[in-house]
Amino acid sequence: MSKILKFEIDGVEIEARRGQSIMQAADDAGVYIPRLCDVEGLEPQGSCRVCVVKQNGRVVSACTQPAIEGSQVENETEEILGYRRDLVRMLYHEGNHLCPICEASGRCELQAMGYRLGITQATKYPYLQPVRPVDASHPDIVLDTNRCILCGRCIRASRDVDGKHVFEYVGRGINKRVGVNGNRLADTDVELKDRAIDLATCPVGCIIQKGQGFFAPIGERQFDKRPITLGVGPGKEKKT
Amino acid sequence: MNSRIISACRRYANDPGRLMDILLDVQRDLKGVEPAAMELIADQLGITRVEVEGMVTFYSFFSDKIKGDVVIRLCGDIVDRHAGGREIAKIFSEELGIAVGETSADGRFSLEQTPFLGMSDQAPAAMIDQTIVTCLSPEKVRHICSSLKAGVRPEGLVTAHGDGNNGHPLIRAEVSNNIRHAGEVLLCQVPANAGLHGCLLLQPRKILDELEESGLTGRGGAGFPTGRKWRVAADTPAQQRYVICNADEGEPGTFKDRVLLTERADLMVEGMTIAAFAIGSSAGIIYLRAEYGYLRAYLESVLQARREQGLLGRDISGKQGFEFDIRIQMGAGAYICGEESALISSCEGLRGEPKNRPPFPVESGYLGFPTVVDNVETFCCVSRIMDRGGAWFGGFGTGKSTGTKLFSVSGDCARPGVYELPFGITVRELLERADAAEAAAVQVGGPSGEMINMGQFDRRLCLEDLPTGGSVMVFSLHRNILEIVDYFLEFFIEESCGYCTPCRVGNVFLRKRIEKVRRGLCEREDLDYLKELGKTISMTSRCGLGRTSPNPVLSTIRNFPLVYAVLLKEHGDGVQASFDIQSALEESRRLAKRRSMIYDPNYDET
């Protein structure tokens, strides 16, 4: 059996197994650390940085940083919340996130994180307004990378769960985006039943299932009722 | 086309881990890697096309469109720009009839800009295929263009080569070493393999002890103790360990590794061999930046000569069972690959993105094996320490920063070049040696370092005060500080891998606001915005590039407050400084096809 170690998150003692990340230990203990690129069942990536915490004074991503015996972790301090707000705002402004006209509204983790962090009005950053073509070539799936936050969940799900590698990052820096394995989505072997296409995988409205739009009325969706937290997350809502 | 791609893949045994090399060959042979080529490579290697596309679109020396037969890359660095780089670009453009970023209709030439060639001591410079041309003047550029148009191959453009090994038959480059001061450790006369031969008589542990005694710290800029790093690699149980030399110096203003690679290649390989013996490694890699491709054939010959002398290969120098050999991995134009874990990704045939840490490369690096990655200069120092002893080396420099350091000085000074001086000298001493009487600002450590003002010239170059991997850029009173800041941000935006949010997006926002400051459209509050945004980027970014990328802004706000103050507006009337009523009205005027009754005095005239 792996050894148990103890550390504190915001002064509350948490137990962890050796080798567990701060995030895993916190999840097991019922303590929520906000996240966007990390999701249950996929390898942590550490790219969105929304899960940053301070571990013994150093800023680290909770999803990739191992828990350390006796360490002090700051999660909900004003400083950390400030960073998280800035990061979520950056993601909002990098893409085109027009919640009122987006199919993902109410089940969108970016939107829910905005609400959780108290971002309810226009923010200080400029809008980058990407203009990328929408790929609606596939009979069942639409890909609108203007709404992508580069979390890479579809990439990892397709590669590690579906064994297909339909998606991959292409480009670099601010021009980085999610590319598909072919000229367009219809040329790939992606299917509706893939984990990559599951509603729990894409946290925003970038991957949309055709014919499934507005299955639940906006206003009646999970994050319309409760803030995003442990257990109230992606794909927890049943289709009707 | 297909046969060339298939043979490129076969040359590397259809190994996806060698995708860098395969793409470099395909790019060279076919001038680009188009989607059909990506598909074929993917088939050959058993990977997906989008993985190949991910690589091609990551590295700036790869292209998914066909480039010209000859690719001209102009150095876009700020020092080159100050030396007339824009004028040079204009002339190239006129002579070839294409703008920067374009390929000529006849497919003969592509004209591009690259962030930093490593030639700022002989700026402006350009790279024409693998050939470097330096100290460009308008006349020289016109001559180069007419020669190229007349069919002269790039290598034929070199009429006079530089000093030292720059004249070696395998280099023959128009590059000068510009060694302005040879110190007592690296640029003095050094005996061949004295350190290595001494080491082979020792227990590997003793080498680590000696290194720790010397106090040697990594010369790339981060300053981690080399001995301690090697000891972790040696102590991590593994079937194999790797030694990688980071010859990817890309920090603008740094060119001292260029000189070491040219003049001290043997000393560097000797240091790598010592590392292999100390940690128990049988394989090494030299990661050579694409911009230094002109040195590759020479470095291959150095390795080959050492194999023939029994200094690489099996039973090195007669030491039974000690086997070590080295391959050269070419880079393809990505500053981020100077970061050790991104460099390892690149060696593995992946996008040059840093890896999550822990585990650290010394525990799990190249292909998952313990790996030490050290700078060219660090390996050179190792050889000297093993020859002369840790105590001798520790006698130079300061308490925490021992030894001498190679400083690359460029910009507004009469004697740009490489200075080998003990750690701890003041900026002022260095400026005096470089004859930089007009210096008003000095950028220490490149864009990721700090810009200091005249009142700070007595600060010392060492880890305790002003750390630097070697870059020292001098700017006179005539330079525009904010133009420099703007350029540095442009550099980081261009070179960010895009993996994490703050570095990918935050730097774009920083630059937009700096542009606004430069246009005189900002208020005092905008400085708070810059400081807060800069702090978020530096605190939350995943690797050193992101963590240091706001430094140009943060250090100039701190050290040059007046530069900002004169550009700020007061907003007594409650209207934002950036708000201009006339431009705000313009669209409405156009749509309504009439003028404003309130704001246009000549309203009636329409």
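In this text, all values refer to a predicted model and were calculated from it rather than measured experimentally.

Peer 1: Quick rundown of the overall build of chain B? Include the residues and the values.
Peer 2: For chain B, the helix and strand inventory stands at 23 helices and 14 strands. Taken against the 2.2 N^0.38 rule, which gives 25 Å for 606 residues, the C-alpha radius of gyration of chain B at 26 Å falls within 12% of a compact globule. Considering only C-alpha atoms, chain B reaches an extent of 100 × 60 × 50 Å along its principal axes. The long-range fraction of contacts in chain B, counting pairs at least 24 apart against all pairs at least 6 apart in sequence, stands at 70%.

Peer 1: Talk me through the interface of chain A and chain B; I want residue IDs and the actual numbers.
Peer 2: Listed per partner, the contact involves 32 residues of chain A and 32 residues of chain B. Contributions of two or more residues to the side of chain A that touches chain B are made by helix 2 (78-94), strand 7 (167-170) and strand 8 (177-180) of chain A. Ranked by residues supplied to the side of chain A that touches chain B, first place goes to helix 2 of chain A with six residues. A per-class count over the side of chain A that touches chain B returns 15 nonpolar, 10 polar and seven charged.

Peer 1: Go over the nonpolar core with me, naming the residues and quoting the values.
Peer 2: Residues and elements named next belong to chain B. One finds Leu23, Ile41, Met268, Ala275 and Val474 to be the most contacted residues of the largest nonpolar core, which totals 244 residues. Here the element with the most residues in this core is helix 11 (residues 265-279); it accounts for 11 residues. With sequence-adjacent residues up to four places away left out, Leu23 is seen in contact with Val33, Met55, Val56 and Phe62.

Peer 1: Outline the domain arrangement of chain A, supporting the account with residue identities and numerical values.
Peer 2: Bring the parts together and some accessible area is lost; that lost area is often taken as the interface size. Residues and elements named next belong to chain A. Taken domain by domain, chain A consists of domain 1 (4-76) and domain 2 (83-212). Measuring from the centre of the C-alpha atoms in domain 1 to the corresponding centre in domain 2 gives 25 Å. Taken together, the contact between domain 1 and domain 2 spans 12 residues of the former and 18 residues of the latter.

Peer 1: Please provide a residue-by-residue account of the sheet that holds strand 9 (residues 371-375) of chain B, values included.
Peer 2: Residues and elements named next belong to chain B. If you trace the four strands from one edge of the open sheet to the other, you get 8-7-6-9, paired in parallel fashion. Two strands in the sheet have a free side with no partner beyond their single neighbour: strand 8 (325-330) and strand 9. When the angles between neighbouring strand axes are averaged without regard to direction, this sheet yields 20°. Inspection of the sheet shows strand 6 (residues 242-247) paired to strand 7 (residues 283-288) by six bridges, in the parallel sense. Looking across to strand 7, one finds that Asn246 is bridged to Tyr287. Together, strand 6, strand 7, strand 8 and strand 9 form the strand contacts of helix 13 (residues 340-347), whose direction differs from that of strand 9 by roughly 115°. Most of the contacts of helix 14 (residues 376-388) go to strand 9, to which it runs at about 95°, and overall it touches strand 6 and strand 9.

Peer 1: I'd like to hear about the domain arrangement of chain B, residue by residue, with values.
Peer 2: Residues and elements named next belong to chain B. Structurally, chain B comprises domain 1 (2-56), domain 2 (70-159), domain 3 (181-394), domain 4 (407-479) and domain 5 (482-565). The C-alpha-based centres of domain 4 and domain 5 are spaced at 22 Å. Listed by partner, the interface residues are 10 residues for domain 4 and 12 residues for domain 5. Element by element, the count of residues in the side of domain 4 that touches domain 5 is highest for strand 13 (residues 450-453), at four residues. Here the residues of the side of domain 4 that touches domain 5 are counted per class, giving four nonpolar, four polar and two charged.

Peer 1: How would you explain the pairing of strand 1 (residues 70-75) of chain B if you had to name every residue and give the values?
Peer 2: The buried fraction of strand 1 of chain B is high, at five of six residues. Each parallel crossover has a hand, and the one from strand 1 of chain B via helix 5 (residues 78-96) of chain B to strand 2 (residues 109-114) of chain B is right-handed.

Peer 1: I'd like a description of the environment of Thr188 of chain A, backed by residues and values.
Peer 2: All names here are of chain A. Relative to the helices and strands, Thr188 is located in the loop between strand 8 and strand 9 (207-209). Assessed through the 22 C-beta atoms surrounding it within 10 Å, Thr188 is described here as buried. In this structure the C-alpha to C-alpha distance between Thr188 and Arg221, which are 33 residues apart in sequence, comes to 31 Å. When near neighbours in sequence (up to four residues on either side) are disregarded, Thr188 contacts Val166, Val180, Asn181 and Gly182.

Thresholds, definitions, all that
Residues numbered from 1 in each chain as written. Chains lettered and ligands numbered in written order. Predicted model: local features only at pLDDT ≥ 70, side-chain atom pairs only at ≥ 80, totals over all residues. Helix = DSSP H or I, 4+ residues; strand = E, 2+ residues; numbered from the N terminus. Rg over C-alpha atoms; globule rule 2.2 N^0.38 Å. Contact = placed C-beta atoms within 7 Å. Nonpolar A, V, L, I, M, F, W, Y, C, P; charged D, E, K, R; others polar. Core = buried A, V, L, I, M, F, W, Y, C linked by C-beta atoms within 7 Å. Buried ≥ 20, exposed ≤ 12 C-beta atoms within 10 Å, placed from the backbone. Domains from an automatic or database assignment. Pairing = 2+ DSSP bridges. Axes fitted to C-alpha atoms, helices over the stretch in contact; angles between N-to-C directions. Right-handed = clockwise from strand over helix to strand, strands pointing away.

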